[in-house]
Amino acid sequence: MAWDKFENSGAEVLQTAVSIEDLSDHELIESTKNGDEDAFAEIVNRYRNPLTNYLYRFLYDYEEAVDLAQETFVRVYFALDRYHTDYAFSTYIYRIASNLAISEIRKRKRRKTLSLTGLFQYDETETKEFQPPDERTLPEDDLMEDERRRVIERAIATLPDKYRGPIILRDVEGKTYEEVAEILELGLGTTKSRISRARRLLRDKLEHYF
Amino acid sequence: MSCRDFQNEIEESSALSREAERHLEDCPDCQRFHFEQLRLLEMLGGLPRIEAPKDFDFQLKARIARGRPADGPTSPLFPALRYVLPLSAVLILISIIALSGLYFVGERKVPEPESVESKNPVPAPTETLAPKDETPSPNEVAEGKPAPENPEVEPLVPKKEAPEKPFNDETARKRKNDGGSRDVISAPPKIISVPDDGRGSNVFSSSDGRTIGPKGTDSNRPIPEQEVKTTTGVAEMLDFSGIKAAPENDRMTVRSVRKNSIAERSGVRVGDVIEAINGDPVTGEPLSGRSVTVKTLTILRKGQRKEITFQSQQ
């Protein structure tokens, strides 16, 4: 496969983009298997932002989220032959991303390089996180909204690992219970139970904002 | 509808059934639960979407280019090498550790003071440097030489020996038999003299008339100083090097060579006649100099004079 096609420029891309956008994920995968790098570029285009968002909510670390999102695509690319269309491609790619995120969290716990207490525990005084630089003076409402957003993000990040994935997929990413169960390879009952438990924990953490 | 059923229903769907709506109107707890549930979902759903960086595709392309097996400097053997190389390294490491262990064990092992010729257990000395009792070797037995007296039954009475007794078999045998036992002194005697015999050995005379000598010498035997120098000098020096020698026809003859000793490694053999040590002829007189280390031996073997230089241990 010629990866150089991935970044074709000009009219050629414009011509093929229309048709590619109409293809389903499975069709794009099949095209990629047949050597169509544009099809894989479309896959990346569809999932890079959702995956980055999901992994960021999971890891609460933007650089790590981007790194693992790329790693997810690399694994998909080199394992195309092993991909089966038994279930949705989105389930497949989210499962890879979830496994990578869980592995990363386990590595962190082993290495203890990043202070998990400082990174994942709720701490009102904690201000270190990914923040795009913004020199503007925010109105009071914006400041409060920004603060509330950070509190919610931290509250998610402090959930136990087994609850974090289900609630992000369900309530942040908008997946159905069935999809969450397939992605995380859990039973439907277990998935519902974990999501319910995660919401209860979040309600306790965010009670000041209700 | 119970509160539990209601809560289960709104956990799974924000759209309420007619029955759930009726329950909600009458139940303040469920109203609060419903409100918090909706608020929570609103907050979670309202989180801003985090987007990938603009150079995401470029970085991904680079990673795929790096990670593509066909483009890498790989060979068909690469998968095998991935396992063979670490395995080899581990095996080499284990071998080095094992060899080092064997080497150090060999270094620590004190060679048994087993004579080349003597196989009989000798009961006396507890230290390796202590002179051992002379037991008849198979060669000596074959030659009909008498076995030395048992040191355990030898009385600890002072022996009457002439200070200037010539160096002969009898003197040497008695000297050997005197060695090998070490007195346990209940009260430390007063040391009244510290003579230096010029060979680095310490022989002290105590106030009670006993001689406190080096290990392996009989401290109760009031041997004249001259005799001590004469009889212990050559034999002790040789014994340090692993050689048991005794006068034979007024010539110091090697009776046995301790296994693994420097003497054995240097080529000293039973039957060699020692003519000189470190260049000093063996005449029965104490050797001059303070060193007790044998560096060179001049021997007579089968009528031929030969000089043996002791090799240091490697």
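Our subject is the structure that appears above.
Here the structure is a predicted model, which is why all the values come from computation and not from measurement.

**Q** Even after reading the chapter, I still don't get the overall build of chain A, so can you show me in this structure?
**A** For chain A, the helix and strand inventory stands at 10 helices and 0 strands. Helices (α) and strands (β) of chain A occur, in sequence order from the N terminus, as α-α-α-α-α-α-α-α-α-α. Within chain A, the proportion of its 210 residues that are buried is 33%.

**Q** What is the right way to read the overall build of chain B from this model?
**A** A count of helices and strands for chain B gives 9 helices and 9 strands. Expressed as a percentage of the 314 residues in chain B, the buried residues total 23%. A separation of at least 24 residues holds for 51% of the contacts in chain B among residues at least 6 apart in sequence.

**Q** What am I meant to see in helix α5 (residues 89–111) of chain A here?
**A** Because the α-helix completes a turn every 3.6 residues, residues three or four places apart line up on one side. For α5 of chain A, which comprises 23 residues, the first-to-last C-alpha distance of 33 Å matches the rise-based estimate of 33 Å (1.5 Å per residue) to within 8%. Among all positions of α5 of chain A, only Tyr92, Ile93, Tyr94, Ile96, Ala97, Ser98, Leu100 and Ala101 of chain A are buried.

**Q** Mind showing me how you'd approach the pairing of strand β9 (residues 304–309) of chain B here?
**A** All names here are of chain B. In terms of residue burial, β9 counts as a barely covered element, since only 0 of its 6 residues are buried. Pairing analysis gives 6 bridges linking strand β8 (residues 296–301) to β9, with the strands arranged antiparallel. Note that in β9 the partner of leucine 297 across the bridge is isoleucine 308. Two successive antiparallel strands, β8 and β9, enclose a turn made up of 2 residues, where lysine 302 displays a positive phi of approximately 55°.

**Q** What am I meant to see in the pairing of strand β4 (residues 243–248) of chain B here?
**A** Walk down a regular strand and you will see the side chains alternate between the two sheet faces. All names here are of chain B. Buried residues dominate β4, accounting for 5 of its 6 residues. The pairing of β4 with strand β5 (residues 251–257) spans 6 bridges and is classified as antiparallel. Each residue of the ladder has a partner; that of proline 247, found in β5, is methionine 252.

**Q** Sorry if this is basic, but what is going on with helix α8 (residues 161–172) of chain A here?
**A** In this model, α8 of chain A (12 residues) spans 16 Å end to end at C-alpha, consistent with the 16 Å of a helix rising 1.5 Å per residue. In terms of residue burial, α8 of chain A counts as a mostly covered element, since 9 of its 12 residues are buried. Within the span of α8 of chain A, buried status applies to Tyr163, Arg164, Gly165, Pro166, Ile167, Ile168, Leu169, Arg170 and Asp171 of chain A. On its buried side, α8 of chain A packs onto α3 (37–59), α5, α7 (140–157), α9 (177–184) and α10 (188–205) of chain A together with α3 (28–45) of chain B. Looking one or two places after α8 of chain A, you find glycine 174 of chain A, whose phi comes out positive at around 80°.

**Q** Looking at this model, I keep getting lost on the interface of chain A and chain B. Mind explaining?
**A** Often the size quoted for an interface is simply the accessible area lost on bringing the parts together. Contact with chain A, which involves 30 residues of that partner, is made by 25 residues of chain B. Among the secondary structure elements, those contributing two or more residues to the side of chain A that touches chain B are α3, α4 (62–78), α7, α8 and α10 of chain A. Per-element accounting of the side of chain A that touches chain B gives the leading share, 8 residues, to α4 of chain A. Residues that form the side of chain A that touches chain B fall into these classes: 17 nonpolar, 5 polar and 8 charged.

**Q** What exactly am I supposed to notice about unusual backbone geometry here?
**A** Excluding glycine, residues mostly have negative phi values, and the peptide bonds linking residues are mostly trans. Of note in the backbone geometry, tyrosine 60 of chain A takes a positive phi value of approximately 55° without being a glycine. As for its position among the elements, tyrosine 60 of chain A is in the loop between α3 and α4. Located in the positive-phi region is lysine 302 of chain B, a residue other than glycine, with phi close to 55°. The residue lysine 302 of chain B is located in the loop between β8 and β9 in this model.

**Q** Just checking my understanding: could you explain the packing of helix α2 (residues 25–33) of chain A against α3 of chain A for this structure?
**A** A pair of packed helices is characterised by two quantities: the angle between their axes and the separation of those axes. Residues and elements named next belong to chain A. Viewed as axis vectors pointing N to C, α2 and α3 meet at an angle of 140°, and their least axial separation amounts to 7 Å. It follows from the interaxial angle that α2 and α3 lie oblique. The two elements α2 and α3 meet at a crossing, and its hand is left-handed. Of α3, the residues touching α2 (which contributes Asp25, Leu28, Ser31 and Thr32) are Ala39, Phe40, Glu42 and Ile43.

What counts and what doesn't
Residues numbered from 1 in each chain as written. Chains lettered and ligands numbered in written order. Predicted model: local features only at pLDDT ≥ 70, side-chain atom pairs only at ≥ 80, totals over all residues. Helix = DSSP H or I, 4+ residues; strand = E, 2+ residues; numbered from the N terminus. Buried ≥ 20, exposed ≤ 12 C-beta atoms within 10 Å, placed from the backbone. Contact = placed C-beta atoms within 7 Å. Expected span 1.5 Å × (residues − 1). Pairing = 2+ DSSP bridges. Nonpolar A, V, L, I, M, F, W, Y, C, P; charged D, E, K, R; others polar. Axes fitted to C-alpha atoms, helices over the stretch in contact; angles between N-to-C directions. Parallel < 35°, antiparallel > 145°, perpendicular 65-115°, else oblique. Left-handed = near helix turned anticlockwise from the far one by under 90°.

Taken by themselves, the reported measurements are silent on function.
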